[in-house]
Amino acid sequence: MIFEERQVEKNNFSSRAIFLFALVGASFLAVLFQVFALQVSSYTSYELAALNNKNYAIPIQPLRGEILDRKGDAIVRNDPTFDLITQPDLISQPELFLELIKPVIYLSELDEAQYLKKFKEKAFVNKELVLKKNLTAEEIARFNVRSFKFKNAFIGKRHRRISDYPEVFAHVLGYTSRSNNQYDLSMEIPRSHWVDAELTYANGLIQGKTGLEETYNQHLSGTHGTRVYEINSRGRLVKTLEYYPPAKGLNLHTYLDIKAQIVAANALGDRKGAVVAIDLKSGGINVLYSAPTYSINKLSNGMSVDEFQDLIKDPDKPFFNRALQGRYPPASTIKPAIGMFGLTNQLINWREEIDDPGFFILPENGRIYRGWKKGGHNNVNLKKALMVSSNTYFFKLAYQSDMKDLASYFSSLGFGSSVCSDCYDEDSVFIPSPEWKYKNFNVPWFTGDTVNIGVGQGYLVATPMQLANYISILANKGNLPAPALVKGKNQSLDSNKSQEINLSNEDWVKMHDALTAVIESDFGTARSIKNLKDFQVAGKSGTAELVSLDSKEAYLEVRDTELLRDHSIIIAFGPMPNPQYAVSVVIENGESGGAVAGPVAIEVLKSLLNE
Amino acid sequence: MNNRPSKIYFDPYLFFSLFTLSIFGLFFLYSASNADTSIVFKQAVYIFLGFAIMVAVSQADPDVFRRTSLVFIIFSILLLGITFLFGPEINGAQRWVRLGPFSFQSSELLKLALPIFLANFLFDKRLPIQSREIVISLAVIFIAFMLVARQPDLGTGLIVALSGLFVLFLSGLSWSFIGGAFIALIICSPLIWNVLLQPFQQQRIATLFNPESDPFGAGWNIIQSKIAIGSGGIFGKGFGEGSQTQLNFLPETKTDFIFSVIGEEFGFFGVAILLSIYFFVLMRCLYLALNARDRFCRLVIGGLTLTFAANLVINLCMVVGLLPVVGMPLPFISRGGSSLISLFFAFGIITSMGTHKKFLPQ
């Protein structure tokens, strides 16, 4: 009985124990199956997840290319600078560290405060922290002697974007500055890693903001390198796993001429204005200067807020690029264009003379348009009209012209459009026309408006760049590669445009002859600059009126306010008879064109020719 | 058999498989602790001590455990009370009791005392066991569970409860009762979820089903554990080469998640070998249980072994993402003195019960 019961009990236990152990065995199988699923079936995705955990890629900033002038000399280069870089994870007491290093490196209170603020976060993740930028030679020497005392700091080489001519080339080069969205997203480096980029520039991840630096940012930028760190779960950098060096940006070869640009700047002095010079063979822009100016070195490498505010508030607007954006009435410098238009449309010829009594009366309403010289120039033909700058001749010629045709002729000379292939933020301005006037002022076009345009006044305005382009087309007898700053960027002139400027060679020769007489003859309006050089120069000066006045007396009154004084303009090319360079100069409130702007143009031409 | 007093009670299969597990465990711990030799050394001392205890305990006759089972469980409960009154609070829980230079988790003792007590209470009862015994047994189990669970240590509490329930089941609890209890459990599950479970426990269960919902918070552990195991592949990344382990992406590498370290560094191959050893240990224990000398021994071996198995399976399922995260070490491998000593103690009892044969009265 007892035995039976024991046997029943034993069997009962056995079956129940086996049942439970079978459950355990099933659990084992489930675990094994799950491990198999993780390690074999999904291996690749988990392997990738593990790599994503530990690999931390950061970009390495490349050096920007240099910007070179036409002889290959650097206008902007990368200047080494030395920063004191610390390794916070090796510094246990930052305050003590600062006390120790203060006798070696000068630190302002702001430096110290900023350092301590960033310290904790950087120490935690084993990242470097800059204590002081742009060390002096003395500080470097002092540190190097004592470097054995500072195992937790070193001097790191960084760069600054520096020009040796920071003011002279400010507008054309433009500046660089740190950018908040300077990510190269093609690099497969997550956006959040860019704050840890390995910097080559002291100023951080920089980008061209204006000028050539902006236009050719891509070209200059180079390619970022990559460093892949191994990090732990707290984001602490453990070691470098992979390293791909950055590739320096390409150099930019420009047509700019350092010497000529400096000459232009010096010649303008502290007057406001602009100078543009173009190489007639290539269309390359040799000089592009605007005054007043500012220092791109300061702007690119950290300028105080006060200094920046002063520049912005300066009534002379130093940031304003007068060469590309200044709108000036071309004044008498437009006369050759009007003459060419007259010749093309057979409204005039070289022989025909008119009487210039010193004024022109508009037949429709009897309104009088005055010349600059009381009593006039008597009998004038086209050559004389250009030479002595007869207003009457061109009033009359404009009066005979159809404004629509004239507007389209201006357009073929580059007015009303941006003419430079690669200039930053060039103003294309506009060409006045009946439609334009109606749209802007809601009044119809009057014949008198056309008459005013005949002497480059009224609604007609142009930038110094457009004036330079126009005189270059004229100098090259109607054919000019599109102006450009950078070599190889010129586009050939639009074919239909050049068709419109098809004077006969005889007309071109005569035109050049007449414009040479403006300077070289004893009666030319710009004869005052004749003896400043030992080669012949052709050109046309102009005096742009800011207020329309009928008498000299009235002007003398206005003249007391400097900002209302006439602008002085000249466009010139030389040496004649085979010109190589053309130049336009505008000097704001400079008055008489030939005498004031003329010498600047001559200095620039001389500099370009005496290379 | 004449020289009975000099006989050493010893099961070579259990001894050597546990020895292998422990030695492997030291290597795993070395890697999991980023080569911290002091941790490994301390663990080695515990293992040595553990084997000594196991061998010593296995010499005792099973009757010793039977006769002392009531004292043992009262002592365990008293210790839990002391823990509750005087134990230091660590991470919001009172689990440890300090005795001189040693401190250990008092709940570990209850995992041993409860099944032995119940085995003693039930082994001489007629089949099927009566309601009175069931009620008493369940009451004791419930008290033991509540004492541990309120520390709070729900994981260990459940293991303690399971250790009792295993014995109750093995001693012949009627299937109809089990079925009824099961249905009652399902009906009460919303109540359990809402009333008994703390919010963090609810979250752990929710995380199991969707770890990606909070990858840097509640889901972090299980996500990193899966990445560690998965990236180990078939042969693993090599000893000390697991990036998840060495760069601290994997949490609790020395304790709860040490299996993930093994998975990462030794791959599927290593995992299969490890599981085989555990499986061998369990099969050996089953064999010992089935061939034990009496019902008491069978119940004790079965209860202790299944408790060990439950502990092991819960840890494994947790780290591979089949169960919610509960604090549960991997037996014989995770760092921790209390757990090791209590494990060796349990296997000492198992050896004793499995090797002592009853001699028919002469």
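Residues numbered from 1 in each chain as written. Chains lettered and ligands numbered in written order. Predicted model: local features only at pLDDT ≥ 70, side-chain atom pairs only at ≥ 80, totals over all residues.

With that out of the way, let us pick up the overall build of chain A. Along chain A, the regular secondary structure elements total 23 helices and 19 strands. Scaling as 2.2 N^0.38, a compact globule of 611 residues should have a C-alpha radius of gyration of about 25 Å, whereas chain A reaches 37 Å, well beyond that. Classification of the 611 residues of chain A by burial places 43% in the buried group. Look at the contacts in chain A between residues 6 or more apart in sequence, and 76% of them connect residues 24 or more apart. (Helix = DSSP H or I, 4+ residues; strand = E, 2+ residues; numbered from the N terminus. Rg over C-alpha atoms; globule rule 2.2 N^0.38 Å. Buried ≥ 20, exposed ≤ 12 C-beta atoms within 10 Å, placed from the backbone. Contact = placed C-beta atoms within 7 Å.)

Let's shift gears to the overall build of chain B. Helix and strand counts for chain B come out as 13 helices and 2 strands. Here the C-alpha radius of gyration of chain B, 21 Å, is about what a compact globule of 362 residues would show, namely 21 Å. C-alpha atoms of chain B, sized along the principal axes, occupy 65 × 55 × 40 Å. Per-residue burial for chain B yields a buried fraction of 50% across its 362 residues.

A few words now on the confidence of the model for chain B. Residues and elements named next belong to chain B. Put simply, chain B has an average pLDDT of 88, and 95% of its residues get 70 or more. Taking the mean pLDDT of every element in chain B, the minimum, 72, falls on strand 1 (residues 96-99) and the maximum, 96, on helix 11 (residues 258-290). Here the complex is predicted with pTM 0.76, and the ipTM for its interfaces comes to 0.93. (pLDDT = per-residue confidence, 0-100.)

A:A264, A:V275, A:V276, A:A277, A:V583 and A:V604 are the most contacted members of the largest nonpolar core, which totals 122 residues. When residues of this core are sorted by domain, at least three fall in each of domain 1 (57-253) and domain 2 (258-609) of chain A. Filtering out sequence-adjacent residues up to four positions away, A:V275 remains in contact with A:A264, A:L268, A:V287, A:Y289, A:V583, A:V585, A:V600 and A:V604. B:L21, B:F166, B:I229 and B:I258 belong to the second-largest nonpolar core, a separate cluster that totals 107 residues. (Core = buried A, V, L, I, M, F, W, Y, C linked by C-beta atoms within 7 Å. Domains from an automatic or database assignment.)

Residue and element names in this part refer to chain B. Segmenting chain B into domains produces domain 1 (7-59 + 211-356) and domain 2 (63-197). Each of domain 1 and domain 2 has a C-alpha centre, and these two points are 22 Å apart. Taken together, the 21 residues of domain 1 in the interface contact 23 residues of domain 2. Elements supplying a minimum of two residues to the side of domain 1 that touches domain 2: helix 12 (295-319) and helix 13 (337-355).

As a further point, take helix 1 (residues 12-32) of chain B. Residues and elements named next belong to chain B. Helix length check: helix 1, at 21 residues, gives a terminal C-alpha distance of 29 Å against a target of 30 Å (1.5 Å per residue), a fit within 8%. Residues of helix 1 that are buried: L14, S17, L18, L21, S22, G25, F28, L29, S31 and A32. In this structure, the buried side of helix 1 is in contact with helix 2 (37-59), helix 10 (243-246), helix 11 and helix 13. Remark: N34 follows helix 1 within two positions and exhibits a positive phi of approximately 55 degrees. (Expected span 1.5 Å × (residues − 1).)

Another aspect to go through is the interface of chain B and chain A. Many structure descriptions define interface size as the accessible area lost when the parts assemble. Facing the 39 residues of chain B at the interface are 32 residues of chain A. Among the secondary structure elements, those contributing two or more residues to the side of chain B that touches chain A are helix 6 (154-170), helix 9 (220-232), helix 10, helix 11 and helix 12 of chain B. For the side of chain B that touches chain A, the leading source of residues is helix 11 of chain B, giving 11 residues. When the residues that make up the side of chain B that touches chain A are grouped by side-chain class, the tally is 25 nonpolar, 11 polar and 3 charged. (Nonpolar A, V, L, I, M, F, W, Y, C, P; charged D, E, K, R; others polar.)

A separate point is the sheet that holds strand 9 (residues 237-244) of chain A. All names here are of chain A. Spatially, the 3 strands line up as an open sheet ordered 1-8-9, and their pairing is antiparallel. Strand pairing shows two members of the sheet lacking a second neighbour, strand 1 (55-60) and strand 9, which therefore form its edges. Averaged over neighbouring strand pairs, the angle between their axes works out to 30 degrees when direction is ignored. Relative to strand 9, strand 8 (residues 225-231) is paired through 6 bridges, and the arrangement is antiparallel. Residue pairing across strands places E230 opposite K239, the latter belonging to strand 9. (Pairing = 2+ DSSP bridges. Axes fitted to C-alpha atoms, helices over the stretch in contact; angles between N-to-C directions.)

A separate point is the domain arrangement of chain A. Residue and element names in this part refer to chain A. You can read the domains of chain A as domain 1 (57-253) and domain 2 (258-609). Computed over C-alpha atoms only, the centres of domain 1 and domain 2 are separated by 46 Å. Each side of the interface is counted separately: domain 1 has 30 residues, and domain 2 has 25 residues. When residues of the side of domain 1 that touches domain 2 are traced back to their parent elements, those giving at least two are strand 5 (153-163), helix 6 (170-173), strand 6 (176-178), helix 7 (211-215) and strand 10 (252-253). Looking at the side of domain 1 that touches domain 2 residue by residue, the classes come out as 13 nonpolar, 10 polar and 7 charged.

Looking now at helix 13 (residues 335-344) of chain A. Residues and elements named next belong to chain A. Along helix 13, 8 of the 10 residues are buried, which leaves the element largely enclosed by surrounding structure. Of the positions making up helix 13, those classed as buried are K335, P336, A337, I338, G339, M340, F341 and G342. Structurally, helix 13 contributes buried residues whose contacts are with helix 14 (382-388), helix 15 (391-400), helix 16 (403-412), helix 19 (464-475), helix 21 (505-520) and strand 17 (536-544). Among the residues trailing helix 13, Q346 stands out with phi positive, at a value near 55 degrees.

Glancing now at the packing of helix 1 of chain B against helix 11 of chain B. Residues and elements named next belong to chain B. In the contact formed by helix 1 and helix 11, the axes pass within 10 Å of each other and the chain directions differ by 165 degrees. The angle between the axes of helix 1 and helix 11 places the two elements in the roughly antiparallel class. By crossing handedness, the relation of helix 1 to helix 11 is classed as left-handed. Mapping the contact onto sequence places Y13, L14, S17, L18, T20, L21, F28, S31 and A32 in helix 1 and I258, V261, I262, E265, I277, F280, V281 and R284 in helix 11. Tallied by class, the residues present in the contact of helix 1 with helix 11 amount to 12 nonpolar, 3 polar and 2 charged. (Parallel < 35°, antiparallel > 145°, perpendicular 65-115°, else oblique. Left-handed = near helix turned anticlockwise from the far one by under 90°.)

It is worth spelling out the sheet that holds strand 18 (residues 567-576) of chain A at this point. Note: strands within a sheet are paired through backbone hydrogen bonds, in either parallel or antiparallel orientation. Residue and element names in this part refer to chain A. With antiparallel pairing, the 5 strands of this open sheet are ordered in space as 12-11-19-18-17. The strands lining the two open edges of the sheet, one partner per strand, are strand 12 (285-291) and strand 17. Along the sheet, successive strands turn relative to each other by an average axial angle of 10 degrees, direction set aside. Strand direction decides the pairing type here: strand 11 (residues 273-279) and strand 12, joined by 6 bridges, are antiparallel. Paired with I278 across the strands is I285, a residue of strand 12. Of the strands in this sheet, strand 11, strand 12 and strand 19 (581-587) are in contact with helix 9 (residues 258-268), which crosses strand 12 at around 30 degrees. Contacting strand 11, strand 18 and strand 19, helix 19 runs over the sheet at an angle of about 150 degrees to strand 19.

Before going further, it helps to spend a moment on unusual backbone geometry. The residue after A:A291, namely A:P292, is reached through a cis peptide bond having omega 0 degrees. Cis geometry is adopted by the peptide bond preceding A:P575, which originates at A:G574 and carries an omega value of -5 degrees. With respect to the element layout, A:P575 can be found in strand 18. One non-glycine residue with positive phi stands out, namely A:N378, at about 60 degrees. Mapping A:N378 onto the fold places it in strand 16 (residues 378-380). The backbone phi angle of B:N248 is positive, close to 65 degrees, even though this residue is not glycine.

Let's shift gears to the confidence of the model for chain A. Taken over all residues, the pLDDT of chain A has a mean of 88, while the share at 70 or more is 93%. Per-residue pLDDT stays below 50 along residues 493-498 of chain A; that stretch engages in 8 contacts with residues further than four places along the chain or on separate chains.

Now for the environment of A:I285. Within the secondary structure, A:I285 is located in strand 12. When neighbours within four sequence positions are excluded, A:I285 is seen to be in contact with A:Y255, A:L256, A:V276, A:I278, A:C420, A:P483, A:A484 and A:L485.

A few words on the environment of A:I473. Residues and elements named next belong to chain A. Tracing the backbone shows I473 in helix 19. For the pair I473 and L413, spaced 60 residues apart in the sequence, the C-alpha separation amounts to 7.2 Å. Among all residues touching I473, those that are not within four sequence positions of it are L413, G414, G478, L480 and I501.

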